Structure formats: structure tokens, C-alpha cells
Amino acid sequence: MNAPVDISSVRLETPRLILRPWRESDLSDFYEYARVDGVGQMAGWLPHDSMEKSRQILQLFIEEKKTFALELKESGKAIGSLGIEEYRQEEACVPEELSLREIGYVLSRDYWGRGLMPEAVRAVIDYCFGTMHLDALLCGHFERNLQSRRVIEKCGFQFHRELIYHTRMGTEEPSRFYILWNPKREVKHV
């Protein structure tokens, strides 16, 4: 089952990042990386073609209360997002009674290759397992997205299954799905 999530009052810190709820004042930072070709496509969405498009998505982030802004401590700039998303049972292939969520993330191209996303993902794993007491987390990537695969593997997720993901762009992407079990929960692994 998709566990309830509300990160509206959550603040997580890592050595280089603050993970916090999005704010309307983050709009220009969000648009700056969301408009770059090659960033959104790795997560299944097209680059934002206007500030208004970014404003609409930002408003969803704020209202849905499940997506962290990744703020770089040294500058205060929002450089990415990390969502604790609902998963689709038909894709997950895990018992429905388990308490799960799926994580998804995007990072500004300017900050790729610095180890920032594994740092953020580990903080969210700790939050999901330690505070939310989830049984497991799911995470996936398009087969062509090798950077995301490295993040997933660095954070300890184990391969679960392959699937075809239908993107918001109307494309089908061969994808790999991973699972990470909460070591503090007594759950029969599938």
C-alpha cells in the first residue's frame, strides 16, 4: 500500500544539502534546471518551455507535500528535487499489504557527477525507514539512464524487475526497477 506522506514540515540535512519543502520563491531556480534539454527526459518529462509551466509544477510540489527541494548549503540555491512518490501495484509486483513508496529524483545538469544525489537519496532512505517506518522503497530508471542506475546501486537498492514505462512524453522506455527493504522491519522479501 502507498503509505501516507506529508513532508511539509520536514527538513533533512546532509553534509552539502538541505532537503526541504518547495517554496514559491524557488521558482527561478526550478525553471533554471527544468528548462535544460536532457534533464527532464531522463525522468520522463519534457524540458519546461516557460516559467509558467515551472510555476504550475512547483505549485503541485507544494500542494502534494511529497517532493523535497534539494538546496545547496553553500549557496541556498534549489538544484533538484526528490519525491516520495506513489507506486503502481501492477509495476511493483509486491504484496499489497506492505507499506511502500517509490522515490524519484532530478538534479540540475550543472551538479551531475559530484555525488550529491546519492547523498540526498540516503537521507530520504533514513527518513522513510526511520521516521515513516516503511517496509521498503522502490526506485527505477530508464535503461539508458546510467547515472541514475549508479545512484540506485550506490544506495543499496537491489534489482527487482524490468518493465516498459509509459512516459508523460508519450514514449515507452525500457526500464529497470529496484527495491530496498527496511532492515529494521520483519518483512518476508519477495
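From a predicted model like this one, the values you see are computed outputs, not experimental measurements. (Residues numbered from 1 in each chain as written. Predicted model: local features only at pLDDT ≥ 70, side-chain atom pairs only at ≥ 80, totals over all residues. Heavy atoms only, no water.)

A. Structural view of the packing of aromatic side chains. Counted under the stated rule, the structure contains seven aromatic pairs. With 5.2 Å between their ring centres and 55° between their planes, Trp-22 and Phe-30 make a pair best called tilted. Pair check on accessibility: Trp-22 and Phe-30 agree, each one buried. Between Phe-30 and Tyr-33, the aromatic rings sit 5.6 Å apart at their centres with planes inclined by 70°, giving edge-to-face as the arrangement. With a gap of three residues between them, Phe-30 and Tyr-33 both fall in helix α1 (residues 27–34), about one helical turn apart. A relative accessible area of 2% means that Phe-30 is categorised as buried. (Phe/Tyr/Trp six-rings, centres within 6.5 Å; stacked < 30°, edge-to-face > 60°. Buried < 20%, exposed > 50% of the residue type's maximum accessible area, 1.4 Å probe, protein only. Helix = DSSP H or I, 4+ residues; strand = E, 2+ residues; numbered from the N terminus.)

B. The pairing of strand β4 (residues 78–85), seen in detail. Most of β4 sits out of view: seven of its eight residues are buried. Direction of pairing for strand β3 (residues 67–72) relative to β4: antiparallel, over a ladder of five bridges. The residue of β4 that forms the bridge with Phe-68 is Leu-82. Between β3 and the antiparallel strand that follows it, β4, lie five residues; Gly-76 among them carries a positive phi value of about 80°. Relative to strand β5 (residues 100–107), β4 is paired through six bridges, and the arrangement is antiparallel. Bridging from a neighbouring strand, Glu-85 pairs with Glu-102 of β5. (Pairing = 2+ DSSP bridges.)

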